[in-house]
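# Chain and residue survey
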Amino acid sequence: MKLKNLGLKIFSLGVAIALSIYVNRETNSSVIIRSVPIELRNLAADLVVVSPQSLRTRVTLRGPSYLVNRVSNRDISLKVSLPNEVGENLRVQLHGEDLDLPEPVEVVAIDPAELELKFDRLGTREIPVVVPHIGALRPELRLESLEVDPRIALVSGASHDL
């Protein structure tokens, strides 16, 4: 081990330790509230979520300021795994562990912490494309024909809405 610049090395080590303590101390923590999307995993291909309309929840996070700010600027989502078989209704608990967060950042609260999901079968239906006639042409003009292509559109959604 070289003793060259030993004083400078000890000073540098002290500054690094002091900086680490400052960054990680309790008074340097931040609390933020974010609206986070809920990502449903294992949703069957023939099911669609009818309710709630928006799959989002409010999450309160606490941790060191530099990490909380980094988390607040990136896209995060709450991942909820659904069971293989679901009926028309399913109540799921939302847990902070389902968020991908760096280690010292913790989830303080989730609002709502429970979600009531309503499902319907995915349906498809063919509907004719109709162009509405709005307004009137000037007297010297005449509309001879109107063609629509395609004449039929295939729509999909919750079967009870089709």
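These numbers come from a predicted model, not from an experiment.

Attention now goes to the environment of Asp-75. Among the structural elements, Asp-75 can be located in the loop between α2 (65-72) and β4 (78-81). Residue Asp-75 is classed as exposed on the basis of its relative accessible area, which comes to 78%.

Tracing the backbone shows Ser-30 in strand β1 (residues 29-41). Of note is the side chain of Ser-30, whose polar atom sits 2.7 Å from the side chain of Ser-65. Among residues more than four places away in sequence, those in contact with Ser-30 are Leu-61, Arg-62, Gly-63, Ser-65 and Val-68.

Where a protein is soluble and globular, its nonpolar side chains tend to be buried together. Core analysis: the largest hydrophobic core is formed by 25 residues, its most contacted members being Leu-61, Val-80, Leu-82, Val-92 and Leu-99. At the level of elements, β1, β3 (56-64), α2, β4, β5 (89-93) and β7 (114-128) are the ones that each hand at least two residues to this core. Examining the composition of this core, we find that 4 residues originate from one element, β1, more than from any other.

If you walk across this open sheet you meet the 4 strands as β4-β1-β3-β6, and the pairing is mixed. With partners counted over all chains shown, the strands left at the sheet margins are β4 and β6 (106-111), one partner each. Strand-to-strand, the axes of this sheet are offset by a mean angle of 35°, without reference to chain direction. Sheet analysis places β1 next to β3, joined by 9 bridges and oriented antiparallel. The partner of Arg-34 across the bridge, within β3, is Val-59. Contacting β1 and β3, α2 crosses the sheet at an angle of about 155° to β3.

In this section: the confidence of the model for the protein chain. With 95% of its residues at a pLDDT of at least 70, the protein chain reaches an overall mean of 86. α2 is the least confidently modelled element of the protein chain, averaging 79 in pLDDT, while β6 averages 92, the highest of any element.

Our focus in this paragraph is α2. Within the span of α2, buried status applies to Ser-65, Leu-67, Val-68 and Val-71. Down the axis of α2, the smallest arc covering the buried residues is 165°, so these residues share one side. In this fold, the buried residues of α2 make contact with β1 and β3.

On to the pairing of β7. Both strand β2 (residues 47-51) and β7 contribute to a ladder of 4 bridges, which runs antiparallel. Within β7, the residue paired with Ser-51 across the bridge is Lys-118. As judged from the 5 bridges shared by β5 and β7, these two strands associate in the antiparallel manner. The residue of β7 that forms the bridge with Arg-91 is Glu-116. Examined bridge by bridge, β7 and strand β8 (residues 152-158) share 7 bridges and lie antiparallel to one another. Its bridge partner being in β8, Pro-128 is matched across the sheet by Ile-152.

So, how was this worked out
Residues numbered from 1 in each chain as written. Predicted model: local features only at pLDDT ≥ 70, side-chain atom pairs only at ≥ 80, totals over all residues. Heavy atoms only, no water. Helix = DSSP H or I, 4+ residues; strand = E, 2+ residues; numbered from the N terminus. Buried < 20%, exposed > 50% of the residue type's maximum accessible area, 1.4 Å probe, protein only. Polar contact = N/O pair within 3.5 Å; in protein donor to acceptor, adjacent residues only side chain to side chain. Contact = heavy atoms within 4.5 Å. Core = buried A, V, L, I, M, F, W, Y, C linked by side-chain atoms within 4.5 Å. Pairing = 2+ DSSP bridges. Axes fitted to C-alpha atoms, helices over the stretch in contact; angles between N-to-C directions. pLDDT = per-residue confidence, 0-100. Arc of directions from axis to C-beta.

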